[in-house]
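The primary structure of each chain is shown beneath.
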Amino acid sequence: MTFHPFVLPFIAGLSFIIIYFFYKTYHWISGLSDSDKKKLRNSIFTQKTYYAAKEVFLESLLHRKIFRINPLLGYMHASLAFGWFLLIVIGNLESRLYHPSDFNPPYYPIFLGFFDTDSHHTYWYAPIFKFIMNLLLIIVLSGVLLALLKRLYAGLFKMKKTTHLKMADKIPLYSLWLIFPARLMAESVAAAIYQNGGFLTTSIGKLLSTSLATESFMLTFYWLYSIALGIFFCSLPWSRYMHIPSEVVLIFFRNYGIHNTENNKELQEVELLSCSRCGICIDTCQIMTSAKVNSIQAVYFLKSLREKDYDRNKAFNCLMCGRCEKICPVGISINMHRQQSRNHISNDKGFLETAWHLTQKKKAKIAYFSGCMTRLTPSVIVAMKKIFSAANENWIFLDENNGICCGRPTKLAGLTKKASELAEANKSMIHESGADLLISSCPICVKTFTEDYHLNLPVFHHSVYLNNLIKAKKINVQKIPIQAIYHDPCELGRGLHIYDEPRQLLSSLLNLKTIHYSAENALCCGNSVAGFHLSSQEKDMITKDALIKMNTKDCDIIATACPMCKKSFVKFEQTKVKDLAEILEMAITK
Amino acid sequence: MSFGFNILKDRQIDFDTNDLSLARFLSLYEPSFRLCISCGGCTATCIANHHSGLSLRKIFILINRGITADIKHELDNCMLCGKCVIACPRGVNTRGLILKISELTKNSEI
């Protein structure tokens, strides 16, 4: 017997999801830009495909990154994904070994316990397969149990909050939970009738009294199993479980060098569908942990974006510190999505009239742009001036008297036209100065200078410049006998990947202590220019919490490289907060 | 007859004709608006003020008096740099307010 009507729901669901997935993939690939298509064509038959396949195995099946972040959560995801995958692969292998010549329909291995009633008596390796399959079923069931527990007590997973669900998520979730218990029951009853079970299914089959182990009872469970599978597959495209196929496409695209850039609608959709809503971003978000706002985190934001709901609060109430993006196990470019969403919402016609007139008459080798925020911390400017003169540099101060903003805050507000107008004005001023090097003390400015300005001269954050000065021995310093910790500003660290230069500089000036919340795991000071909606009380909560977490008690100085961070920390901190330039100024010997 | 000087124009605020809807709206959706004590710290630190004379202090006073006609044009010069947020001793979310006002003008409610 190789057919029974109960396989129909499963067949219907499976065919639907396969057709849907191939249609979607075709749609995504055909919607790519010409350069992206070229990248795809050029790299499909290279090593990149192998790396992508390897990444799919490690991330989509084993969930290695989730394991690293939270082992229990990793086990839950891996047991379901990898366990189920092995069940399919080994089940297929098993069925093919029993019936090597027969036509093997796709449902056959899935419902093997029903269709194959005698092979296990003839093949010596059958018990081994039964054992493995039963073991895998236990592993998958343990994953289902953990998923259930996570819904009830998120604290078990050391998670403060797990995601809220909506109806379209609940249907596939409950059907997913039902699939494996139904399979266990169906196979157990089949084992009691046909004696074809493994260690688990045989024992459960024996537990059920003979009156329960009837054919109709078995059929009920097989129908249930098949219907649960069918519903799960059919509801997949509208639920978060669409991440299973989408993530594979995303990983291949990423390995081929196709990324979510500003106007890449297809990639945007692939990324949005790839979010599995694991909820890891929630606990890493300081707006959640410190300011107790639990509605705007990446997972909720991406969810409303997927539903084409451009929620103003979700788009603008974010510090864009990038902590969620760094920890996201799927690697979704969350900040880019926020930026795209802000651009979509904002009404930007550019400045009605440009009131600023910037002229730069003086010429020099080095142009120094302090940035707006640095003008709120004048001690940094004083220190920079002293350092420039100590190093005998030929420099000019670009925005000493009448500078304008670099344009990053307007860009972050979604006002791209205004931002580019500001950029143009600054660019002409920078070029007029005839400098070979542009230095800024503000990471926010450096970020936009390097990414948006397309200048024909190198742009350095002052930490890099100062480190180079010391390396080139253009300035004489003496080590100060104090302990310091270094706070990585978001825009400099996660934004520009400048982690080493400030540390090298500090190590040559004083004793640098390492802290847990550093480099990619650094905290935001709370006052990021990207945060438009947080109240000052909420920002203060973030700043205070960050200082507590950084454990600032045992050090003499908190060093930072961003005027905004300095300004935020001094508000609440007893320990001195100093910019890198100020520390170098202290260490200069004549 | 000219005495070489004029009498100043009447500067009383007429609450019958002035439109306080914006002030009410802002106090509702960005409550920190009500914390402003018109100290002028925002304006003193403002880089746009240096170029275009944008005065946030003046604008907030005008909104509270219900004179909102020219506000949009003036606020257009803001570069959202955020110095005013840091300078404000009362914790007014000035940039949030400016975005809120421009959001309103987009929906042409002002």
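Here the structure is a predicted model, which means the values were calculated and not measured.

Undergrad: Help me understand empty space enclosed by the protein in this model?
TA: Empty space among the atoms becomes apparent when a probe as large as a water molecule is rolled across them. Residues and elements named next belong to chain A. If you walk through the whole model with that rule in mind, you get 10 cavities of 30 Å³ or more. Counted as a void, the largest cavity has a volume near 160 Å³. As for the largest cavity, its lining consists of 16 residues, of which Gly113, Lys130, Asn134, Glu187 and Asn196 are closest to the centre. Put simply, the parts of the chain that give the lining of the largest cavity at least two residues each are helix H7 (112-115), helix H9 (126-152) and helix H10 (167-194).

Undergrad: I keep staring at the environment of Leu229 of chain A and nothing clicks. Help me out?
TA: Residue and element names in this part refer to chain A. Mapped onto the elements of the fold, Leu229 is located in helix H12 (residues 215-235). Residue class for Leu229 comes out buried when judged on its relative accessible area of 3%. Discounting residues that sit within four places of it in the chain, Leu229 has contacts with Phe10, Trp84, Ile110, Phe111 and Ile179.

Undergrad: Quick question: what am I supposed to make of the sheet that holds strand S6 (residues 511-513) of chain A here?
TA: Across a sheet, strands are paired by hydrogen bonds formed along the backbone, either parallel or antiparallel in direction. All names here are of chain A. Taken together, four strands build an open sheet; the order of strands is S6-S5-S7-S8 and the sheet is parallel. Both outer strands of the open sheet, S6 and strand S8 (576-579), are each paired with one neighbouring strand and no more. With strand direction ignored, the average angle separating the axes of adjacent strands in the sheet is 40 degrees. In terms of strand pairing, strand S5 (residues 483-487) meets S6 through three bridges, oriented parallel. Directly across from Ala484, in S6, lies its bridge partner Leu512. Contacts between helix H28 (residues 563-570) and the sheet are confined to S5, strand S7 (557-560) and S8, with S8 contributing the most and set at about 170 degrees to the helix.

Undergrad: For this particular structure, what's the right way to read the layout of surface pockets?
TA: Residue and element names in this part refer to chain A. The calculated volume of the largest pocket comes to roughly 1,300 Å³. Taken together, 45 residues form the lining of the largest pocket, with Trp84, Phe232, Phe233, Ile244 and Pro245 sitting closest to its centre. Those elements giving two or more residues to the lining of the largest pocket turn out to be helix H1 (8-30), helix H3 (47-61), helix H5 (71-98), helix H6 (107-110), H9, H10, H12 and helix H13 (243-255). Broken down by element, the residue count for the lining of the largest pocket peaks at 10 residues, all from H5.

Undergrad: Would you take a moment to explain the pairing of S5 of chain A for this structure?
TA: Sheet faces and side chains relate simply in a regular strand, where the side chains alternate between the two faces. Across the five residues that make up S5 of chain A, a large majority, four, are buried. Note on the crossover from S5 of chain A through helix H26 (residues 500-509) of chain A to S6 of chain A: the handedness is right-handed.

Undergrad: When you look at the interface of chain A and chain B in this model, what are you seeing that I'm missing?
TA: Reports of interface size often rely on the accessible area that becomes lost once the parts have come together. Taken together, the 40 residues of chain A in the interface contact 23 residues of chain B. Where chain A abuts chain B, roughly 2,500 Å² becomes buried across the two surfaces, and 60% of that area is made up of carbon and sulfur atoms. Considering only the side of chain A, the residues that lose the most area to chain B are Arg312, Leu352 and Phe532 of chain A, jointly responsible for 21% of the buried surface there. Between the two partners, chain A and chain B, sit two salt bridges. A salt bridge links Arg312 of chain A to Glu103 of chain B; its shortest N-O distance comes to 3.0 Å. Inspection of the region where chain A meets chain B yields 11 residue pairs in polar contact (both at pLDDT 80 or more). Tallied by class, residues from the side of chain A that touches chain B come to 21 nonpolar, 13 polar and six charged.

So, how was this worked out
Residues numbered from 1 in each chain as written. Chains lettered and ligands numbered in written order. Predicted model: local features only at pLDDT ≥ 70, side-chain atom pairs only at ≥ 80, totals over all residues. Heavy atoms only, no water. 1 Å grid on protein atoms, 1.4 Å probe; cavity = no way out; pocket = protein on both sides within 12 Å on 5 of 7 lines; lining within 4 Å. Points joined across faces, edges and corners; volume = space filled by probe spheres on them. Helix = DSSP H or I, 4+ residues; strand = E, 2+ residues; numbered from the N terminus. Buried < 20%, exposed > 50% of the residue type's maximum accessible area, 1.4 Å probe, protein only. Contact = heavy atoms within 4.5 Å. Pairing = 2+ DSSP bridges. Axes fitted to C-alpha atoms, helices over the stretch in contact; angles between N-to-C directions. Right-handed = clockwise from strand over helix to strand, strands pointing away. Buried area = accessible area lost by both parts, 1.4 Å probe. Salt bridge = Lys/Arg side-chain N within 4 Å of Asp/Glu carboxyl O. Polar contact = N/O pair within 3.5 Å; in protein donor to acceptor, adjacent residues only side chain to side chain. Nonpolar A, V, L, I, M, F, W, Y, C, P; charged D, E, K, R; others polar.

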